[in-house]
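# Geometric and topological summary
One letter stands for each residue in the lines below.
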Amino acid sequence: MGAHTTRQLLALCDLAGLGAAESTAYARAVNAALGPVAERPLGLPPGIPSFLSDDHTPVEFSLSFSPGLAPTLRVLFEPASGFGTPAESSLLAQRALRGLAGHWGISTEQLDAVSDLFLPDDPQGAFSLWIALELLPGGTPRMKAYLNPAANGAHRTEETVRAALRRLGHHHTDADLPDGDQLLFLALDLGDWPQPRLKIYTTHHGLTPTAARSLSRMLDGPAPDELEAFVRTAAGLGPRENPRLALRPVQTCHGYTGTTGSAGAFTAYVPVRDYAPHDGEVLDRAALLLHRYGIDPAGLRDALGALTPRPLEDGVGLISYLALAHQHGRTPRITAYLSSEAYRVRPPNIR
Ligand code: TRP
């Protein structure tokens, strides 16, 4: 499996304009952090039914586009996925994260402050610890840790998130959690970011495009019209349709940098794979969005070609989510989450 994801990562690095040496070093680091599952033959079923991707490949890529700049490549992965019991793989995952952080001189202070809350000896829920790397030119990535609010049981998600917020000094956010029906992830920027963020992800089951208008709590974030238009285009809906998106839910993420309680970043994610017949159509929708934000869609088209030779019409899910990201002081970005499909291609949706 590691050979498959490594080949894809190197091809995407090339498209993102990274040099050969740094790309190889990134690919090696990810492969090592994946642990024994990287050596697992692809003819065997996935080691565990990882929640990270639909076909359970424990790796997902994303490309984030802003006008006039090369796209930023990120890789999300589940270290030590499928190794031993949940407790054992959680321990190995923590070791892998600390190994990577040490290698690049990235401080894990933020994570250390809350690791007892999210990484208990007997972790519950769909995952324990995911790592995302933003693969910057220069050989040192930015690192994020994704933690599971349900680690102490689904009934304790809110309590766990609130405890973490207080511990990290986010008292205002504790008093005013973003809306949503499920707290899905808490993510921490680790190390030396210009403005490290704490991010809270929530789901919005059965959301309508008009209800999407009021999703953002960010002060200078997306306008209601912009959010509605984004959701409509990503979900393939005309201006007069207003159905509930009742399959996989739309998600949002609020990012907090300071401790004033006001969100400095907001992202909306539409799980396009549930709302489109096939990836050809998803790419068309992505191209519409990219054009709207002044971005040439050729980069995304090339990226899909670098991931797989299969015709886009033959499956759905190569792009898992399309996201609109706003961050204080920056132009909005469109991000496409890209599946590895190491194990399976989801057949087209018949409508
Ligand atoms: N596979 C999970 C999901 O689809 C988790 C996940 C992976 C995810 N990448 C994501 C969620 C990007 C939101 C955005 O929900």
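Residues numbered from 1 in each chain as written. Predicted model: local features only at pLDDT ≥ 70, side-chain atom pairs only at ≥ 80, totals over all residues. Heavy atoms only, no water.

### Focus on helix 3 (residues 86-104)
Selection rule: A helix here means a DSSP run of H or I that spans at least four residues, while a strand means a run of E at least two residues long, and both kinds are numbered starting from the N terminus. Expected span, for any helix, means 1.5 Å times one less than how many residues it has. Note on exposure labels: buried denotes an accessible area under 20% of the residue type's maximum, exposed denotes more than 50%, and partly exposed covers the range between, all computed with a 1.4 Å probe on protein chains only. It is the directions from the helix axis to the C-beta atoms that the arc portrays. The contact criterion used is simple: two residues touch if any of their non-hydrogen atoms lie within 4.5 Å.
Given a rise of 1.5 Å per residue, 19 residues ought to cover 27 Å, and the 27 Å separating the end C-alpha atoms of helix 3 matches this to within 8%. Three or more residues of helix 3 are buried, namely Ser89, Ser90, Ala93, Gln94, Ala96, Leu97, Leu100, Ala101 and Trp104. All buried residues of helix 3 lie within an arc of 160° about the axis, which places them on one face of the element. Along helix 3, exposed side chains directed more than 90 degrees from the buried face belong to Leu91, Arg95, Gly102 and His103. On its buried face, helix 3 is in contact with helix 2 (20-34), strand 2 (72-77), helix 4 (109-118), strand 3 (129-134), strand 4 (142-147) and strand 5 (182-190). Among the residues trailing helix 3, Gly105 stands out with phi positive, at a value near 65°.

### Focus: the site of the ligand
The test is simple: Proximity is defined per residue: any heavy atom of the residue falling within 4 Å of a molecule or strand makes that residue near it. In the analysis that follows, any N or O atom pair within 3.5 Å is treated as a polar contact, provided that within protein one partner can donate a hydrogen and the other can accept it, and provided that, for residues neighboring in sequence, both atoms belong to side chains. The protein chains shown are the only cover counted for residues, whose accessible areas, like all others here, come from Shrake-Rupley with a 1.4 Å probe.
Close contacts around the ligand come from Phe51, Leu52, Ser53, Glu60, Leu76, Trp130, Phe185, Gln251, Tyr269, Arg273, Tyr321 and Tyr337, and that covers them all. Between the ligand and the protein, one listed contact pairs a nitrogen atom with a backbone N or O atom of Phe51 at 2.8 Å. Take Leu52: an N or O atom from its main chain is 2.9 Å from a nitrogen atom of the ligand. A total of 350 Å² of accessible area belongs to the ligand in isolation, and the protein chains cover 93% of it.

Everything listed here is a matter of coordinates, which is why it stays silent on function.
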